[in-house]
Amino acid sequence: MATGDLALGQSQGEKSARSRVTNDFSIIVATVNGSGSQSANSVLLKSIFGMGVPVSGKNLFPSNIAGLPTWYTIRASKDGYVARKREIDVLVALNPETAKQDILDLPSGSCAIYEEAMNLKQYRDDVVCYPVPFDKLTAAVCPEAKLRKLVKNMVYVGVVAQLLSIDLAVIEASVKKQFAKKQKVFDLNFNAVKAGFDYAQQNLTKQDPFVIERMDQTAGKIIIDGNAACGMGAVFAGVTVVAWYPITPSTSLIEATTDMLKKLRVTDDGKATFAVVQAEDELAAIGMVLGAGWAGARSMTSTSGPGISLMAEFAGLGYFAEIPGVIFDVQRTGPSTGMPTRTSQADLLSTAFLSHGDTKHIVLLPGSVKECFEMGHDAFDLTERLQTPVFVLTDLDLGMNNWMSDPFEYPEKPLDRGKVLTKEDLDRLGGFARYKDVDGDAIGWRTLPGTMHPKAAYFTRGSGHTDAATYTEKPEDYLGIMDRLTRKFENARKLVPAPIMVKSTGSKIGFLAYGTTDFALRESIDQIERKYNTKVDYMRIRAYPFAHEIHDFVASHERVYVVEQDRDAQLASLLKLDLPAEQTTKLRSILHYNGLPVDAESITEEFVTREGL
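Read on for an overview of the structure. Within each chain, residues carry numbers counting from 1 in the order of the written sequence. Totals for whole chains, interfaces and linings use every residue, but because this is a predicted model, local features are given only for residues with pLDDT of at least 70 and side-chain atom pairs only at 80 or more, for both listing and counting. Neither water nor hydrogens contribute to the side-chain values; these are computed over all heavy atoms in the structure.

Sheet architecture is open: 7 strands sit in the order E11-E10-E12-E13-E15-E14-E20, paired in mixed fashion. Sheet topology places strand E11 (275–278) and strand E20 (543–544) at the edges, where each strand pairs with a single neighbour. Where helix H10 (residues 282–294) meets the sheet, it contacts strand E10 (241–244), E11, strand E12 (299–303), strand E13 (325–331) and strand E15 (389–395), and its direction lies at approximately 160° from that of E12. Two strands are said to pair when DSSP picks up at least two bridges between them. The helix and strand labels rest on DSSP assignments: H or I over at least four residues marks a helix, E over at least two residues marks a strand, and numbering proceeds from the N terminus. What makes two residues a contact is simply this: any of their non-hydrogen atoms within 4.5 Å. Comment: axis = line fitted to C-alpha atoms, over the contacting stretch for helices; angle = value between 0 and 180 degrees taken between N-to-C directions.

Right under this line is the structure:
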């Protein structure tokens, strides 16, 4: 076996004995957009998962054209942490344009795998360097020049597998799954993997401390992205009308939904029992959703921040005329176009109050792919039960990246279609008033178009109306409607997903967060307890309007840190509008808004500074 570059001046035995790092490090693969690296990255991620090691993957890609830099990070964590890790331990540098900066960004003691022609060793003497002739190895296994840039990525998988001690049989199984039913494609790609593996085995001497060893932490678990999970939830909820306009990062949610509908909602004679319509813009899309919801269909759309802005007027119509419809918002950075392929939580305030006038919307806040499925399903029950648009807020990090999860549970409860009157109901009642609160829950009864009864009809209008749905501009009628809508919103506190007490220690210091911030905050709380011997409590918010348990949580703590991924402290602002005035002074904000998923170290450092620890 030949000897590779000894950047740290230590023998393999000395390094391994002194600082072996097992199943607890991060890998970054630096390539260019359009190079076909996605398949190779997926194979590596799923191979580590196949070794039984908890893992997560994040794609950082450009919003413009092919050829621009892209980075994919994989985190292996024996402790099950899945948030972004700020420090990178293993670099795979395949992009000459960024290679110098990529290796300069590495912490001391990490390692770099790169095309040998780049000569990256010249820039660092405290990083283990593994030069590999990727171009030569690729050319040897791939005669077709036009395919080499795609196959080259599989060579890196083989090199990484050998250096990190990933079982080649597990890699083979992952490649086979990636290219199922395409034997020639599998053969080509696995030959590339084998070429990289064999080269590393014969020519590189292991000098870094990072290694993957088999664990049993992934048995029975799945890997899925949040967009697919939301789409699956919608299909299980019985969605039949999908209207949308393409926008990053929500497009794959519709694609996943459509794929499942085509598999599950086609009759034996080939007829679709659903409609998926690409509208001319987001405004038209939500118009179709509300029209379908008014007609009795379970309907949805999916968008991101710019689309949410365009939906404002129709959202107000849905609120005031009380029409069901589900809107998925996969958040990205703004304002304006912002950075379309970066993550954020900056749509919370605009969505909660979307439209002009006194408008408040139900907002669900899933914090995992499992909750994407569950809330993607339950949103349809809520929207029909409450007769109002329901928004499901995820973000790019949760929506487009791969996450490890327990399998989803099949929904057993029947669908809740809400307060709908049939012909038989009307025969018994003799009539109804569309917007009258007859049950004390602030929700009126409705009929669906086509109900064959002379008393079934009513006017649906976005202007002032009476309990009986007739036109009015009388102040007392308007006050009655608005006050009832307020009571309905207040009642929703008991119907939306309740918050989860993640950590309860009796501390006087508390944390509040939602969505993907949860992953980093859990890890940060462990760091705070382990390194600073400080205990804190943590409650994760899962919906707006806020449940009363959140009020109680704030009341029982002296200081409450609200951690979120936006500049303007939107969650804290929404809490201040909801809490008693005397409680609002307890809130402190920890904010992260650079477009990258928040990491635990950043939260810990801010907290420690603020607390003077």
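Next up on the list: the sheet that holds strand E21 (residues 559–564). Backbone hydrogen bonds hold the strands of a sheet together, and the pairing may be parallel or antiparallel. Pairing within the open sheet is mixed, and its 5 strands lie in the order E17-E19-E18-E21-E22. The sheet terminates laterally at strand E17 (500–503) and strand E22 (587–591), the two strands that pair on one side only. On average, each strand axis in the sheet is inclined to that of its neighbour by 25°, with strand direction left out of account. Where E17 and strand E19 (residues 537–540) come together, 3 bridges link them in antiparallel fashion. Bridged to Lys503 within E19 is Tyr538. The strands that helix H20 (residues 570–578) touches are strand E18 (509–513), E21 and E22; relative to E21, the one it contacts most, it runs at about 135°.

The next point concerns the pairing of E13. Burial classes follow relative accessibility: with a 1.4 Å probe on protein chains only, a residue under 20% of its type's maximum area counts as buried, one over 50% as exposed, and anything between as partly exposed. With 7 of 7 residues buried, E13 is to be regarded as a mostly interior element. Of the pairings in the sheet, the one linking E12 to E13 comprises 4 bridges and is parallel in character. The residue bridging Thr303 from the neighbouring strand is Asp329, located in E13. Inspection of the sheet shows E13 paired to E15 by 7 bridges, in the parallel sense. When the sheet's bridge partners are listed, Gln331 is paired in E15 with Asp395.

This next bit is on the layout of surface pockets. Only protein atoms enter the calculation, which uses a 1 Å grid: trapped sets of points that fit a 1.4 Å probe without letting it out are cavities, open sets showing protein on both sides within 12 Å along at least five of seven lines are pockets, and any residue with an atom within 4 Å of a point is a lining residue. Grid points are joined across faces, edges and corners, and a volume is the space filled by probe spheres set on the points. Of the voids in this model, the largest pocket is the one considered here, and its volume is about 1,100 Å³. In this structure, the largest pocket is lined by 40 residues; those nearest its centre are Gln38, Ser42, Lys46, Gln178 and Asn402. By residue number, the principal contributor to the lining of the largest pocket is helix H2 (residues 37–50), which donates 8 residues. Charged residues are taken to be Asp, Glu, Lys and Arg, nonpolar residues to be Ala, Val, Leu, Ile, Met, Phe, Trp, Tyr, Cys and Pro, and polar residues to be all remaining types, Gly included. Among the residues making up the lining of the largest pocket, the classes are represented as 16 nonpolar, 20 polar and 4 charged.

Glancing now at the nonpolar core. Counting residues in hydrophobic clusters, the biggest one holds 100 residues, and the most contacted among them are Met300, Leu364, Phe511, Leu512, Ile541, Leu575 and Phe607. Considering each element in turn, this core owes the most residues, 8 residues, to helix H14 (residues 369–386). Once residues within four sequence positions are removed from consideration, Phe511 is found in contact with Leu521, Ile525, Ile528, Val536, Asp537, Tyr538, Met539, Phe553, Tyr561, Val563, Ile590 and Phe607. Residue types Ala, Val, Leu, Ile, Met, Phe, Trp, Tyr and Cys, when buried and joined through side-chain atoms within 4.5 Å, form a set referred to as a nonpolar core. In terms of nonpolar packing, the next biggest core, distinct from the first, is built from 53 residues, Ala76, Cys111, Cys142 and Phe210 among them.

Here, a salt bridge means any side-chain nitrogen of Lys or Arg that lies within 4 Å of a carboxyl oxygen of Asp or Glu. Using the criterion set out here, one finds 40 salt bridges in the structure. Across the salt bridge formed by Asp208 and Lys206, the nearest N and O atoms sit 2.7 Å from each other. Accessibility assignment for this pair places Asp208 and Lys206 in one class, buried. Put simply, Lys419 and Asp439 hold a salt bridge, and the shortest N to O gap is 2.5 Å. Of this pair, Lys419 sits in the loop between strand E16 (402–405) and helix H16 (423–429) while Asp439 sits in the loop between H16 and helix H17 (475–491), and the two are 20 residues apart along the sequence. Overall, Asp439 belongs to the partly exposed group, its relative accessible area being 45%.

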